[in-house]
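# A closer look at the structure
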Protein chains: 2
Amino acid sequence: MSTLTAGRQIAADCCAPLMGEGLSPEEAGATAALFKALSDPTRVRIVNLLAGSPEPVCLCDINSGFELSQPTLSHHLKKLVAAGLLTREQRGTWAFYSINEEALRRLSDVVGQREIAS
Amino acid sequence: MSTLTAGRQIAADCCAPLMGEGLSPEEAGATAALFKALSDPTRVRIVNLLAGSPEPVCLCDINSGFELSQPTLSHHLKKLVAAGLLTREQRGTWAFYSINEEALRRLSDVVGQREIAS
DNA sequence: CCACTACATCGACGAACATCTATGTAGGAG
DNA sequence: CTCCTACATAGATGTTCGTCGATGTAGTGG
């Protein structure tokens, strides 16, 4: 037990210290929140549905593609809007949702931190 | 009894039916599972740490960068390995973890479904 | 063989989540 | 004003999750 009992030095006993560069704990939290918004199959399908539509889609049309209750869909949509992935627009009685392109770009930026050159 | 069960017809009353193309429920589940693995700040930091290291890193070094107990870190690493994002390698007494580049590429592929053509 | 080290697994506990039914709200039609 | 429709919110419930301390396991060294 040469020099130590201070975790950091024990580490140096098996490999390099590295670490330090990279994102802050706060940024990690923000990134995790973004991923958490997409951590449910239903929400992935919603985003995929809206990403494939050139125009906003109303909740009733989204709902007709899922076998879930209307409040449940409303719940998921609220989460996606809160995460910044979707935009909500009221048209008369209906609520229309669409993809937030910039949020998708942010996501792509987070993921592609190693191999994108643009 | 509920008037809500007739959803499909109500939908056609406000906008187009669209939907249909896109990913299947199973694929949505797989994609959501991938995102779920990254839906925790600690796991995001782990992936970031390993993505910034050219060589595998042992758990002791990962652990020294976090204020969490060793079993908790081990738990997160197991989840990341199960998701295919990390690779585990045993070297003597130590367990070394590294990024699975192909998994990152898969993730990037899922996210960049709309704008990679630029 | 024994002690130590590095890591994994177990069991528990509180917080967060997905889903439902029931109810509230607001716009359009008569 | 009144009824119906589209959607949101509230409350309840069973499940999953993150975290911990305690314990098990396997490799290292004397």
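Residues numbered from 1 in each chain as written. Chains lettered and ligands numbered in written order. Predicted model: local features only at pLDDT ≥ 70, side-chain atom pairs only at ≥ 80, totals over all residues. Heavy atoms only, no water.

### Considering the protein's contact with DNA strand C
Formally: It suffices for a single heavy atom of a residue to lie within 4 Å of a molecule or strand for the residue to be listed as near it. Identification of polar contacts relies on pairs of N or O atoms within 3.5 Å, with a donor-acceptor requirement for protein atoms, meaning one able to donate a hydrogen and the other able to accept it, and with residues adjacent in sequence counted only if both atoms are side-chain atoms. A run of H or I in DSSP counts as a helix once it spans at least four residues, and a run of E counts as a strand once it spans at least two, with each numbered from the N terminus. In this classification, Asp, Glu, Lys and Arg are treated as charged, Ala, Val, Leu, Ile, Met, Phe, Trp, Tyr, Cys and Pro as nonpolar, and every other residue, Gly included, as polar.
In the region of DNA strand C, 25 residues are neighbours, and Arg43(A), Thr72(A), His76(A), Ser74(B) and Tyr97(B) sit closest. Per the 4 Å cut-off to the protein, sugar and phosphate atoms form 77% of the nearby atoms of DNA strand C. A distance of 3.0 Å is found between a phosphate oxygen of DNA strand C and a side-chain nitrogen or oxygen belonging to Ser69(A). A distance of 3.1 Å separates a phosphate oxygen of DNA strand C from a polar atom in the backbone of Cys60(B). Residue assignment for the surface near DNA strand C shows that the elements contributing at least two residues are α5 (70-82) of chain A together with α4 (59-64), α5 (70-82) and β3 (94-99) of chain B. Broken down by element, the surface near DNA strand C gets its largest block of residues, five residues, from α5(A). For the surface near DNA strand C, the residue count by class is 10 nonpolar, nine polar and six charged.

### Observations regarding the nonpolar core
For the record, the criterion: We define the nonpolar core as a collection of buried residues of types Ala, Val, Leu, Ile, Met, Phe, Trp, Tyr and Cys that are connected through side-chain atoms lying within 4.5 Å of one another. Three labels apply to residues, based on accessible area from a 1.4 Å probe with only protein chains included: buried if under 20% of the type maximum, exposed if over 50%, partly exposed otherwise in between. Whether two residues are in contact is decided by their heavy atoms: any pair within 4.5 Å suffices.
Ile46(A), Ile62(A), Ile46(B), Ile62(B) and Leu85(B) are the most contacted members of the largest nonpolar core, which has 56 residues in total. Discounting residues that sit within four places of it in the chain, Leu85(B) has contacts with Leu34(B), Ala37(B), Leu38(B), Leu80(B), Ser98(B), Ile99(B), Asn100(B), Ala103(B), Leu104(B) and Leu107(B).

### Comments concerning the sheet that holds β3(B)
Residue and element names in this part refer to chain B. What counts, and what does not: We treat two strands as partners when DSSP finds at least two bridges between them.
Within the open sheet, the three strands sit side by side as β1-β3-β2. Their pairing is antiparallel. Each of the sheet's edge strands pairs with one partner strand only, and the pair in question is β1 (57-58) and β2 (86-91). The pairing of β2 with β3 spans six bridges and is antiparallel. Counted as the bridge partner of glutamate 89 is phenylalanine 96 from β3.

### Comments concerning the pattern of salt bridges
Where we set the bar: Each reported salt bridge corresponds to a side-chain nitrogen of Lys or Arg within 4 Å of a carboxyl oxygen of Asp or Glu.
In total, this model carries two salt bridges over all chains according to the counting rule given. Glu89(A) is the partner of Arg91(A) in a salt bridge, and the nearest nitrogen-oxygen pair spans 3.2 Å.

### Quick notes on helix α6 (residues 101-111) of chain B
For an α-helix the count is 3.6 residues per turn, leaving residues at separations of three or four pointing the same way. Heads up, the rule is: Arc definition: it is the arc formed by the directions from the helix axis to the C-beta atoms.
Those residues of α6(B) lying buried are Ala103(B), Leu104(B), Leu107(B), Ser108(B) and Val111(B). Angularly, the buried residues of α6(B) cover 140 degrees about the axis, an arc narrow enough to put them on a single face. Exposed side of α6(B), more than 90 degrees from the buried face: Glu102(B) and Asp109(B) are the residues found there. Tucked inside the fold, the buried residues of α6(B) contact α6 (101-111) of chain A together with α2 (25-37) and β3 of chain B. Here α6(B) starts with a cap whose side-chain oxygen sits 3.1 Å from the backbone nitrogen of Glu102(B), and that cap is Asn100(B).

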